[in-house]
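Residue-level listing of the chains:
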Amino acid sequence: MKILIDENMPYAEALFSQLGEVISKPGRTMTAEDLVDIDALMIRSVTKVNEALLTKANKLKFVGTATAGQDHVNEATLAAKGIAFTAAPGCNKVGVAEYVLSSLMVLGQQQGFSIFDKKVGIIGAGNVGSYLAQCLEALGIPYLLNDPIKQQQGDSRTFHSLDDIRLQCDVITMHTPITRDGEYPTHHLVDDTFLADLQSGAILINAARGPVVDNLALKRALQQSQSGEGKKLTAVLDVFEHEPQVDLELLPLLAFATPHVAGYGLEGKARGTTMVYNSYCQFLGLEQQVTAASLLPIAPVPQVSLSQEWDESTLFSLTQIVYDVRRDDGLFRREMGQTAEGSPEMATAFDRMRKNYWDRREYSAITVAGEAHFGVESLAKLGFTVEERP
Ligand SMILES: NC(=O)c1ccc[n+]([C@@H]2O[C@H](COP(=O)([O-])OP(=O)(O)OC[C@H]3O[C@@H](n4cnc5c(N)ncnc54)[C@H](O)[C@@H]3O)[C@@H](O)[C@H]2O)c1
Ligand SMILES: O=C(O)[C@H](O)[C@H](O)COP(=O)(O)O
């Protein structure tokens, strides 16, 4: 049995080689030729699975994507060819939420605000949006949810219109899939009109898919904001409309910019890989199952001890031990600054940073020890492992 995997899939080689011969290739450049005699294909979001890729797939019976987003896979084409498909919903929700929290905390420090004074609008209340809401609740930060699809499906949470969000929220964070059809398409959901209606001082974060935000409209709004003509606007982008190409006029206008790595925690990647591995084992009728936790190394700083009740400054320190968005932002700007827009070198640099990504962890990799009245319960709700001292 031959299994083709994206080379940028931690733990995949060791796991899948227990099932057959593993061939590892860069996901973005996989071709129809690569699928000749392949029984199973394991990918991430950069491999477009469509009619063209499948033309020579003479043996393919299973495709697994170790990602939450599924827009790169034409499921109807797979179904028509009798090829089973599985994804990894929610695998990286924690990483994305921690990316958003780091962005807000660092912006708070840079711009002189408290995150506790902000109201957050979450657009898309699926795995990521709901987990982010849970974190904000743990911290007592108010938020509004927008998700007309979940609302129509009878989800019992309270939902708000986009207008309410634009009028009432200081922070707007996008967590929808990219869709072009249906009643609520998300392509260019954030466009000139959306941006014009934001409150002055608003912060926009996109860690969903690039084209959810019209990047030219955002560039115009940021240019106006930074020239003092328009409303004050801050933007953080983890995803770009034409990635792996990046608009080099937009980049310097962004508060933080990163190459589609918001969900790149080691835990999230291990979850993604094990979810598709377990699904493939099930597909083959095998009983073996692997947990992500069993694959993970100990964190570089595994334990922290509190000496008093935590405050905003302690929260900043604790969370930044795990993830500081400035690390990825700095490297990304350096890498992009050395390439020309539209060049193959830019695409290579974008993907190189993702392939060689550092072993970022989630809050759960750190145990925080402290007494109950130090507020450890809320840290546990935020995801930290907590050891309550008597
Ligand atoms: N940057 C990253 O590293 C990263 C990581 C994970 C996911 N993502 C992206 O973020 C998206 C969300 O991830 P998820 O795991 O929460 O997916 P999900 O499918 O669990 O949730 C998406 C939610 O968006 C809602 N939605 C759809 N259209 C909408 C609209 N027009 N307005 C408001 N809500 C709408 C859906 O009803 C759903 O509840 C993924 O589809 C993926 O594209 C990016
Ligand atoms: O949809 C997702 O899960 C993420 O966008 C995905 O993890 C991004 O990383 P990639 O698959 O491109 O490596």
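Residues numbered from 1 in each chain as written. Chains lettered and ligands numbered in written order. Predicted model: local features only at pLDDT ≥ 70, side-chain atom pairs only at ≥ 80, totals over all residues. Heavy atoms only, no water.

**Let's talk about the sheet that holds strand 10 (residues 233-237)**
Line of reasoning, step 1. The six strands are arranged 7-6-8-9-10-11 in an open sheet whose pairing can be described as parallel. The outermost strands of the open sheet, each flanked by one partner alone, are strand 7 (143-146) and strand 11 (256-257).
Line of reasoning, step 2. Sheet topology places strand 8 (residues 171-174) next to strand 9 (residues 202-206); four bridges connect them, and they run parallel. Considered in strand 9, the bridge of Met-174 is made with Asn-206.
Line of reasoning, step 3. Packed onto the sheet, helix 5 (residues 127-139) meets strand 6 (120-123), strand 7 and strand 8 and runs at close to 160° relative to strand 6. (Pairing = 2+ DSSP bridges. Helix = DSSP H or I, 4+ residues; strand = E, 2+ residues; numbered from the N terminus. Contact = heavy atoms within 4.5 Å. Axes fitted to C-alpha atoms, helices over the stretch in contact; angles between N-to-C directions.)

**Focus on a nonpolar patch on the surface**
Line of reasoning, step 1. Together, Met-1, Phe-283, Leu-284 and Leu-286 line one region of the surface with nonpolar side chains, adding up to about 320 Å² of accessible area.
Line of reasoning, step 2. Secondary-structure assignment places Phe-283 in helix 10 (residues 266-283). (Patch = residues over 30% accessible without salt bridge, like charges linked within 9 Å, V, L, I, M, F, W, Y side chains within 5 Å. Areas by Shrake-Rupley, 256 points an atom, 1.4 Å probe, with all protein chains shown as cover. Salt bridge = Lys/Arg side-chain N within 4 Å of Asp/Glu carboxyl O.)

**Structural notes on the site of ligand 2**
Line of reasoning, step 1. Within the structure, ligand 2 sits among Arg-44, Ser-45, Val-46, Thr-67, Ala-68, Gly-69, Asn-92, Arg-209, His-260, Tyr-264 and Arg-354.
Line of reasoning, step 2. Gly-69 is positioned with one of its backbone polar atoms (N or O) 2.7 Å from an oxygen atom of ligand 2.
Line of reasoning, step 3. Take Arg-209: an N or O atom from its side chain is 2.8 Å from an oxygen atom of ligand 2.
Line of reasoning, step 4. Contact with the protein chains covers 93% of the free accessible surface of ligand 2, which is 350 Å².
Line of reasoning, step 5. Taken together, the residues of the shell around ligand 2 break down into three nonpolar, five polar and three charged. (Near = heavy atom within 4 Å. Polar contact = N/O pair within 3.5 Å; in protein donor to acceptor, adjacent residues only side chain to side chain. Nonpolar A, V, L, I, M, F, W, Y, C, P; charged D, E, K, R; others polar.)

**Overview of the nonpolar core**
Line of reasoning, step 1. Residues Leu-101, Leu-104, Leu-306, Leu-315, Leu-379, Leu-382 and Phe-384 are the most contacted members of the largest nonpolar core, which totals 52 residues.
Line of reasoning, step 2. With 10 residues, the top contributor of residues to this core is helix 4 (residues 93-111).
Line of reasoning, step 3. For Phe-384, the contacting residues outside a window of four places in its chain are Leu-318, Thr-319, Val-322, Tyr-363, Ser-364, Ile-366, Val-368 and Leu-379.
Line of reasoning, step 4. Of all hydrophobic cores here, the second largest spans 37 residues; its members include Ile-172, Val-213, Ala-235 and Leu-250. (Core = buried A, V, L, I, M, F, W, Y, C linked by side-chain atoms within 4.5 Å. Buried < 20%, exposed > 50% of the residue type's maximum accessible area, 1.4 Å probe, protein only.)

**Description of the UniProt feature "active site" (unreviewed entry) in the protein**
Line of reasoning, step 1. Those places that UniProt annotates as "active site" (unreviewed entry) correspond, in this numbering, to Arg-209, Glu-243 and His-260. For the annotated residues, spread through 52 residues, the largest C-alpha to C-alpha distance comes to 9.7 Å, consistent with a single compact locus.
Line of reasoning, step 2. The class of Arg-209 is buried, set by a relative accessible area of 14%.
Line of reasoning, step 3. Setting aside its immediate chain neighbours within four residues, Arg-209 contacts Ser-45, Gly-69, Asp-71, Ile-178, Val-239 and His-260.
Line of reasoning, step 4. As for its position among the elements, His-260 is in the loop between strand 11 and helix 10.
Line of reasoning, step 5. Ignoring sequence-local partners within four residues, the contact set of His-260 consists of Ser-45, Arg-209, Asp-238, Val-239, Glu-243, Phe-350 and Arg-354. (UniProt positions renumbered as here; feature names shortened; annotations may be inferred.)

**Thoughts on the UniProt feature "domain: Erythronate-4-phosphate dehydrogenase dimerisation" (unreviewed entry) in the protein**
Line of reasoning, step 1. Listed under "domain: Erythronate-4-phosphate dehydrogenase dimerisation" (unreviewed entry) in the UniProt record, and renumbered for this structure, are residues 295-383.
Line of reasoning, step 2. Taken end to end, residues 295-383 has its terminal C-alpha atoms 19 Å apart, with 48% of it in helix and 9% in strand.

**Structural notes on the packing of aromatic side chains**
Line of reasoning, step 1. Going through the model one piece at a time under the given rule, you end up with 13 aromatic pairs.
Line of reasoning, step 2. Here Phe-62 and Phe-283 contribute two aromatic rings whose centre-to-centre distance is 5.1 Å and whose plane-to-plane angle is 50°, an arrangement assigned as tilted. Of this pair, Phe-62 sits in strand 4 (residues 62-65) while Phe-283 is found in helix 10, placing the two residues 221 residues apart along the sequence.
Line of reasoning, step 3. Looking at Phe-283, the relative accessible area reads 40%, which means it is partly exposed. (Phe/Tyr/Trp six-rings, centres within 6.5 Å; stacked < 30°, edge-to-face > 60°.)

**Quick look at the site of ligand 1**
Line of reasoning, step 1. Not every one of the 27 residues close to ligand 1 is listed here, only the nearest: Asn-127, Val-128, Asp-147, Tyr-184 and Asp-238.
Line of reasoning, step 2. Within the contact set of ligand 1, an oxygen atom lies 3.2 Å away from a side-chain nitrogen or oxygen of Lys-150.
Line of reasoning, step 3. Contacts to ligand 1 include Ala-207, whose backbone N or O atom sits 3.1 Å from a nitrogen atom.
Line of reasoning, step 4. Looking at the shell around ligand 1, the elements with two or more residues in it are helix 5 and helix 6 (148-152).
Line of reasoning, step 5. A total of three residues in the shell around ligand 1 trace back to one element, the largest contributor, which is helix 6.
Line of reasoning, step 6. Looking at the shell around ligand 1 residue by residue, the class counts come to 12 nonpolar, 11 polar and four charged.

**Focus on the pairing of strand 14 (residues 385-389)**
Line of reasoning, step 1. Where strand 13 (residues 367-371) lies against strand 14, five bridges are found, and the strand directions are parallel. Within the sheet, the bridge partner assigned to Val-368 lies in strand 14 and is Val-386.
Line of reasoning, step 2. The parallel pair strand 13 and strand 14, bridged by helix 14 (residues 376-382), forms a crossover whose chirality is right-handed. (Right-handed = clockwise from strand over helix to strand, strands pointing away.)

**Examining the pattern of salt bridges**
Line of reasoning, step 1. In total, this model carries 17 salt bridges according to the counting rule given.
Line of reasoning, step 2. Between Asp-329 and Arg-333 there is a salt bridge whose closest N-O contact spans 2.9 Å. On the criterion of helical spacing, the pair formed by Asp-329 and Arg-333 is a turn pair, its members being four residues apart in helix 12 (residues 325-337).
Line of reasoning, step 3. Note that Glu-377 and Lys-381 form a salt bridge whose closest N and O atoms lie 3.6 Å from each other. Of this pair, Glu-377 and Lys-381 are both found in helix 14, four residues apart, which corresponds to roughly one turn of the helix.
Line of reasoning, step 4. According to the relative accessible area criterion, Glu-377 is exposed, its value standing at 54%.

**Describing the sheet that holds strand 13**
Line of reasoning, step 1. Read from one edge to the other, the open sheet built from three strands follows the order 12-13-14, with strand pairing classed as parallel. Looking at the sheet topology across the chains shown, the edges are occupied by strand 12 (303-305) and strand 14. Strand-to-strand twist across the sheet, computed as the mean angle between neighbouring axes with direction ignored, equals 25°.
Line of reasoning, step 2. One ladder, built from three bridges, connects strand 12 with strand 13; its direction is parallel. Bridge pairing in strand 13 links Ser-305 to Ala-369.

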